[in-house]
Structures are given as C-alpha cells and as structure tokens.
Amino acid sequence: MSRVKPEEVIVGIDNGATKNNATALDGSGRFLVDRLYEIPSRVGQGPAAAIEAMAETMDLVLREAGIHRERVAAVGLDTPGPASADGVISVRGATNFAQPAWWGYDVRGALEARIGLPVVYNNDGNAAALYAHRVHFGADAGQHSSVSAIVGTGLGGGVIEAGQVVRGASGQAGELGHLRIATDGILADDQPVPTCACGNLGDVESFASLTGIVRNLLPYWLSRYPDHPLAGMPILEAAKAVRGFGVDGDEMARRVFEQQAAALGRLFTIAANFTDPRVYFLGGGVVEAAPQFRDWFLGRVRAHTLLREEQVAVASLALVPDLDMAGARGSAFAALGS
Ligand SMILES: [Zn+2]
C-alpha cells in the first residue's frame, strides 16, 4: 500500500496456537511500540472466537500505544500454515486449525469483514522472513534476495526476492521444511531415514525441528548412548532438554545438532542453486542459545553449505532478529509495502 501516508498506522498481528501478539508501524516504516502485546488466540474455540481475539489484539496495541483507530490504514496478519497466499486455511486442515470449521476458512477475509480495514495475509514463516530481510537490508531491501530457515516445532521460513515474499501460484512457495535432501553422509550407518509428519522421508523438517528431534534424532541417538541422562525421560521432555546438553558440550547432544546443521546446510545449498540469495537467515531457539554453542552451530551449517567461489564473495549467513516479534513486524511491513 504505497498510498499509506506517513501519519497513518499499520497494525501487524501474529496469530499462534495459543497467543496472538501485535505491533504498530507508521506510514514511514517506523515501529511505534518496542515490545510485545499478547493475548490468548482462542484458536481452539473455532473461527468466530479466534477472529474476535484478533480484533481485540489490534485494540490492545492501539490502546497501549495511545493510537486512535481512525489512523489505522491497514492490517497485516500472519497465521501458521498451510494456507493459500490470500489467507484461506488448507482444506485438509492444519496442525493449529484442527477443527473442521477451519478447513478452507478464509481467515483474512473474515478479519477484514470484522474490522472494516484492508487485511494483508502471510503465513508466519514468510512474515518472519520478510522482517529479517527488511531489518538486514533497510532501504535497499528491494534490491536484494534472501532465504530464511527458522527451526521451531516445525521448520518454517520463506524466500524473499527483490524485497518481496515469493508466494507461488497457490501460495505454497517457500515450504522449505518439506524439501527432501540427500541423507548420505549425514546419517550413521545403521540410522533409519527420518520421517516427517507430511509423509516425506528425509526432508529438512524431519531433521531440523523439535518434531524431528522427537520422532527421529533423539530415539536413534539415545539407542546409541543408553546410559545418557536423557534416556529415562519422556521423549518430549528429553527433546526440549537436549539443547542444554548441547550447550554444555555433551557428545550425544552435539551429534543431534550436527545432523540438524547438516540438513540446514543442504537446504541452503539447494537455495544457492535455485535463487542464489544474498543472505541465508537462520532463526529459532538453537541460534538463540549461549553464544559459544550458537557460533559452533552456525559454523557447522556454514560448513555444510556448498557455495561457489562467486557466491562466497557476496553471500552471508545471518540470524533472524527479534524472533518473538518477527511475525507481527513482518506482517506490518507486508501491509505497508503491498
Ligand atoms: Zn515434511
């Protein structure tokens, strides 16, 4: 919306499984709040309650920042996917939108009708990717390309080309987690090929996500280290604890994260041959850990990212900043720039 005036305001809303958070951006691209404003998302109560919660999230940030609603020109919204490019939740449902009432539901259109303002939609990975890109390149964002991989429960992220999110014909572009990678040289000789909830064998998410640790990496590596302190723990608990062991230099944990880093490096190698981005962004808890562990992990990802000499000369690896606010802020940028 290039017609947004400097004194007008864009609200960005990030919708999650349990919470929404929101931010506010003025028409010149300056954030008017520097913290998170959060309320329960009520997604589990169905679409009507969830849309109401999104509207309340907007009201909350406007009230807290002392902004009159009349100044708001548009709203940026993100939700977890899969969803179409214009915000229709997949007809096959989605992890966060389990009830049939959500299947094929037009969440963008419903929020637009509820608040009476234009709503611009992105999935959460794309919104965070756009934020990382805009922060990194600033005024030159439109001249550059980037790829973001964000390690969470799943593997999210997005592809930015000339400053814009690559959405694809059906809105499914940038589903980086479900790209299959070659597993030779990553897996141990007797290690089964990891499986993903999407049905794929050996895709990026089957390694580089909390789900991948739970389903694949930890069960295998604990079978090789039966005396490890995590061996007796429920698997989800153990998966959440394994990073702490990695930070402390534990051998079994480092093998888990080495395999995650290798999968991410192979993803970035695909990106190098596909869009040849200027920056490869990494986000998630694994790179928000202690600096020494983060630097080791980044170094391993870099080692597994095979770039040509010409690419090494111009490309860099960087972190997704402010990950807790990246979705809301990227959504606001998307609404400002669309
Ligand atoms: Zn998958």
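Preceding block: the structure.
Residues numbered from 1 in each chain as written. Predicted model: local features only at pLDDT ≥ 70, side-chain atom pairs only at ≥ 80, totals over all residues. Heavy atoms only, no water.

## Some words on the sheet that holds strand S6 (residues 146-151)
The strand order across the open sheet built from 5 strands is S8-S7-S6-S9-S10, with neighbouring strands paired in mixed fashion. Here the strands that pair on one side only, and so sit at the sheet edges, are strand S8 (164-165) and strand S10 (316-319). Here strand S9 (residues 279-284) pairs with S10 via 4 bridges, running parallel. The residue of S10 that forms the bridge with Phe281 is Ala318. Docked against the sheet, helix H8 (residues 291-304) engages S9 and S10, running at close to 145° with respect to S10. (Pairing = 2+ DSSP bridges. Helix = DSSP H or I, 4+ residues; strand = E, 2+ residues; numbered from the N terminus. Contact = heavy atoms within 4.5 Å. Axes fitted to C-alpha atoms, helices over the stretch in contact; angles between N-to-C directions.)

## Here's the deal with the pairing of S6
S6 sits mainly inside the fold: 6 of its 6 residues count as buried. Of the two faces of S6, the one carrying Ser146, Ser148 and Ile150 and the one carrying Val147, Ala149 and Val151 are both buried. Looking at chain direction, S6 and strand S7 (residues 155-161) are connected through 6 bridges and run antiparallel. Along S7, the bridge assignment pairs Val147 with Val159. Hairpin connection between S6 and S7: a loop of 3 residues separates the two successive antiparallel strands. Alignment of S6 against S9, held across 6 bridges, turns out to be parallel. Following the sheet pairing, Val147 is matched in S9 by Tyr280. (Buried < 20%, exposed > 50% of the residue type's maximum accessible area, 1.4 Å probe, protein only.)

## Here's the deal with the sheet that holds strand S1 (residues 9-15)
Strand pairs in the sheet, formed through backbone hydrogen bonds, run parallel or antiparallel to each other. Within the open sheet, the 5 strands sit side by side as S3-S2-S1-S4-S5. Their pairing is mixed. Looking at which strands have only one partner, the edges of the open sheet turn out to be strand S3 (37-40) and strand S5 (119-123). Mean inter-strand twist for the sheet, computed between neighbouring axes without regard to direction, equals 20°. Here 6 bridges tie S1 to strand S4 (residues 72-79), and the two strands are oriented parallel to one another. Each residue of the ladder has a partner; that of Asp14, found in S4, is Asp78.

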